[in-house]
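Tertiary structure, described
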Amino acid sequence: GQAPYAFELIEGNLPNGLTYNWSTGVISGTPTAAGTFRFTVTVRDDQDIVVWYDFALTVQIGVLALDGDAPHATVDVPYDFTYSLSGGILPYSLAVTQGAIPPGLTLVPTTGRLHGIVTAANTGVYTWTVRLTDQRGITISRTDGLIVGV
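Residues numbered from 1 in each chain as written. Predicted model: local features only at pLDDT ≥ 70, side-chain atom pairs only at ≥ 80, totals over all residues. Heavy atoms only, no water.

1. Regarding the nonpolar core
Core analysis: the biggest nonpolar cluster contains 22 residues, and A70, Y79, Y83, L94, L114, W128 and L146 have the highest contact counts within it. Within the residue set of this core, elements represented by two or more residues are β8 (79–82), β11 (105–107), β13 (124–133) and β14 (139–149). If one sorts the elements of this core by residue count, β13 sits on top with 4 residues. Among the nonpolar cores identified, the runner-up in size contains 7 residues, and F7, Y20, V41 and V43 belong to it. (Core = buried A, V, L, I, M, F, W, Y, C linked by side-chain atoms within 4.5 Å. Buried < 20%, exposed > 50% of the residue type's maximum accessible area, 1.4 Å probe, protein only. Helix = DSSP H or I, 4+ residues; strand = E, 2+ residues; numbered from the N terminus.)

Pasting the structure below:
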């Protein structure tokens, strides 16, 4: 057929979090639930010819994962480490739930980046538990630590 095309969802539903652009036929977004979603779309061309497409879209949400071991830090040297965050549904939130990271370092809760500069007054051994939470409230925790030395 010839453009312009008109798209229409005539049966079923898209997964939550996805949208359908009726002028282009593009499905976009990030699904927020797992499952198989069935829907039917029609496409009409400039000569009023209509075709139907049946879709079965399967969404699988990966297991929430928090990986990485913070390397040791050196006094007065810029420190930069990022935990690996994956699975689940964005956005993420990361928090220290037990213990403490060394003073001078900052944990960015949305990315897992741990950075800053530790001073000589804060040498020692630090341990903490960090908890990753996804949009659904699913959590995973791990214990980590590092030594701040000169």
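Anyway, onward from the coordinates.
2. As for the pattern of salt bridges
One pass over the structure, following the stated rule, counts 4 salt bridges. In this structure, R44 engages D48 in a salt bridge whose closest nitrogen and oxygen atoms are separated by 3.2 Å. Residue class for R44 comes out partly exposed when judged on its relative accessible area of 37%. Salt-bridge contacts for D69 lead to R142; the nearest nitrogen and oxygen are separated by 2.6 Å. With D69 in the loop between β6 (65–67) and β7 (73–74) and R142 in strand β14, the pair connects residues that are 73 residues apart, well separated along the chain. (Salt bridge = Lys/Arg side-chain N within 4 Å of Asp/Glu carboxyl O.)

3. Regarding the sheet that holds strand β4 (residues 35–44)
Read across the sheet, 3 strands follow the order β1-β4-β5 without closing on themselves; strand pairing throughout is antiparallel. Edge positions in the open sheet fall to β1 (6–12) and β5 (50–59), since each of these has one partner strand only. Between one strand and the next, the sheet's axes are offset by a mean angle of 30°, whatever the strand orientation. Bridging between β4 and β5 involves 10 bridges; their strand directions are antiparallel. Following the sheet pairing, V41 is matched in β5 by Y53. (Pairing = 2+ DSSP bridges. Axes fitted to C-alpha atoms, helices over the stretch in contact; angles between N-to-C directions.)

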